[in-house]
Structures are given as C-alpha cells and as structure tokens.
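Coordinates in review
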Amino acid sequence: MDKILEFLFYQTPQEYELMFGEASGPNERENTAKSTTFINHLSRCSLSEYCQLIVKALLLEYPSESAFSFCLLDFDDKGIFILPDRPRRSNDISRIDFTHKKAKLHGRFDPKTLRTLEYLDEIKVTFKLAQQDLAKWVEQALTGKAFNNTVNGNKTIFKVSNSPILTLEVDSTSFTIFIDKNTFIEYLFQSRGYDE
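The paragraphs below set out a description of the structure included in this document.

Rules and cut-offs
Residues numbered from 1 in each chain as written. Predicted model: local features only at pLDDT ≥ 70, side-chain atom pairs only at ≥ 80, totals over all residues. Heavy atoms only, no water. Core = buried A, V, L, I, M, F, W, Y, C linked by side-chain atoms within 4.5 Å. Buried < 20%, exposed > 50% of the residue type's maximum accessible area, 1.4 Å probe, protein only. Helix = DSSP H or I, 4+ residues; strand = E, 2+ residues; numbered from the N terminus. Axes fitted to C-alpha atoms, helices over the stretch in contact; angles between N-to-C directions. Parallel < 35°, antiparallel > 145°, perpendicular 65-115°, else oblique. Left-handed = near helix turned anticlockwise from the far one by under 90°. Contact = heavy atoms within 4.5 Å. Nonpolar A, V, L, I, M, F, W, Y, C, P; charged D, E, K, R; others polar.

1. Details of the nonpolar core
Counting 48 residues, the largest nonpolar core has Y50, F68, L168, F175 and I177 as the members making the most contacts within it. Counting residues per element, this core draws most heavily on helix 2 (residues 47–59), which supplies nine residues.

Here you go:
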C-alpha cells in the first residue's frame, strides 16, 4: 500500500468516540496532517497518478469512507458535493459521484449481529476531456492483484479478485468502481472525516 494512503485505514480506538461534538483520539493531529498532505498531493499530481491513487485506496481494504470522501469532495453552499481542489476541478475532472446503499452487514462494534448499515457501493469519476490512456492507468494501479479484463465496445471492464473492488468499468471519459459490500469495515466517525 502507498504510504500516503495509510491514514485512510486508521481505526480510532472505541473509547475515543465523539463527545460533545468534538472528535479526539491519539492520532487525530497526525491524521489531519496526513489528510492535508494527501489533498495537496491530489491537486498537484499527474492525472494518471490521481486516478491510480483512487483505485489503490480501495484495492486492498475498505477505507474509512468519510476520510476518503473528505479528500476528494467538498460541499457547495447548497449542500452539493464539489471537488475541493480547484486546479483539478477546473482542469481535468467534471464530477465525482459516490453512490451509497443500505444492507444488513456486520459492524465493528457488534460483529456478531447484522445491522442495517450504509456502505459505499460505487464511485464514478468523470473527466472533462477523453483520456485515451485511462484503461492503462487503471491496469497499472491493479499491479499485484489478480484480475482479468474484457473489452466491450468502448468500455473496458476489470474484474478484481480478493479486493473490495468487484469491478471497474472504464471508457474514455470516466471510470466507475463497484465495491463489494462484504468487505465493508465500520469506522468511528471523527471530525475532519477520519473515521465514520
């Protein structure tokens, strides 16, 4: 796993649950700094690395979704998700869509009991312009994982084994990651989006 992604998988000890609207925990400041570093990196890196980091963040383990989405998204004054990094939004990407579903899942706090929990079902990244190398970038991000790919018209479909990623669908203007709900991990919510 890329070191820059490690904070996405940090599990806050349960005794540091939110109290009085304030988040605390032994690594909160460190994670805040790592999140800021990651956001800054995403706004400056190449588009191929940006795409590969999104794929890698979901490749080995289900990340803290609030930390992950905090780094990719922001809200406008109407409560609509927007990209936080203006250079990336104005140059490359038109939108990022997170789709959630509810399912009976085992959570962290009572792992023997099925509860109705919301999980991240898919992420779709749409570009302003066609990206002819997008399938190649995705394939590079999958290095080290067992996968197969098929081409169906203008769409390349990657099926990934032993990963939170079930499939990735890539065309020239977007890629969509479909996530296996059975890999869901419940995180404690922290302000600034480190755990949910």
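2. A few points about the packing of helix 1 (residues 28–44) against helix 3 (residues 65–72)
Close contact between helix 1 and helix 3 brings their axes to 9 Å; oriented N to C, the two are set at 40 degrees. Classified by the interaxial angle, the pair formed by helix 1 and helix 3 is oblique. Where helix 1 crosses over helix 3, the two elements pack in a sense that is right-handed. Contact residues: S35, F38, I39 and L42 in helix 1; F70, C71 and L72 in helix 3. Its residues assigned to classes, the contact of helix 1 with helix 3 shows six nonpolar, one polar and no charged.

3. What to know about the packing of helix 2 against helix 5 (residues 134–141)
Helices that pack against each other are described as a pair by the angle of their axes relative to one another and the distance between those axes. Their axes nearest at 9 Å, the elements helix 2 and helix 5 cross at an angle of 45 degrees. If you check the angle between helix 2 and helix 5, you find them oblique. Pair helix 2 / helix 5 crosses with right-handed handedness. Contacts from L47, S48, C51, Q52, V55, K56 and L59 in helix 2 reach L134, W137, Q140 and A141 in helix 5.

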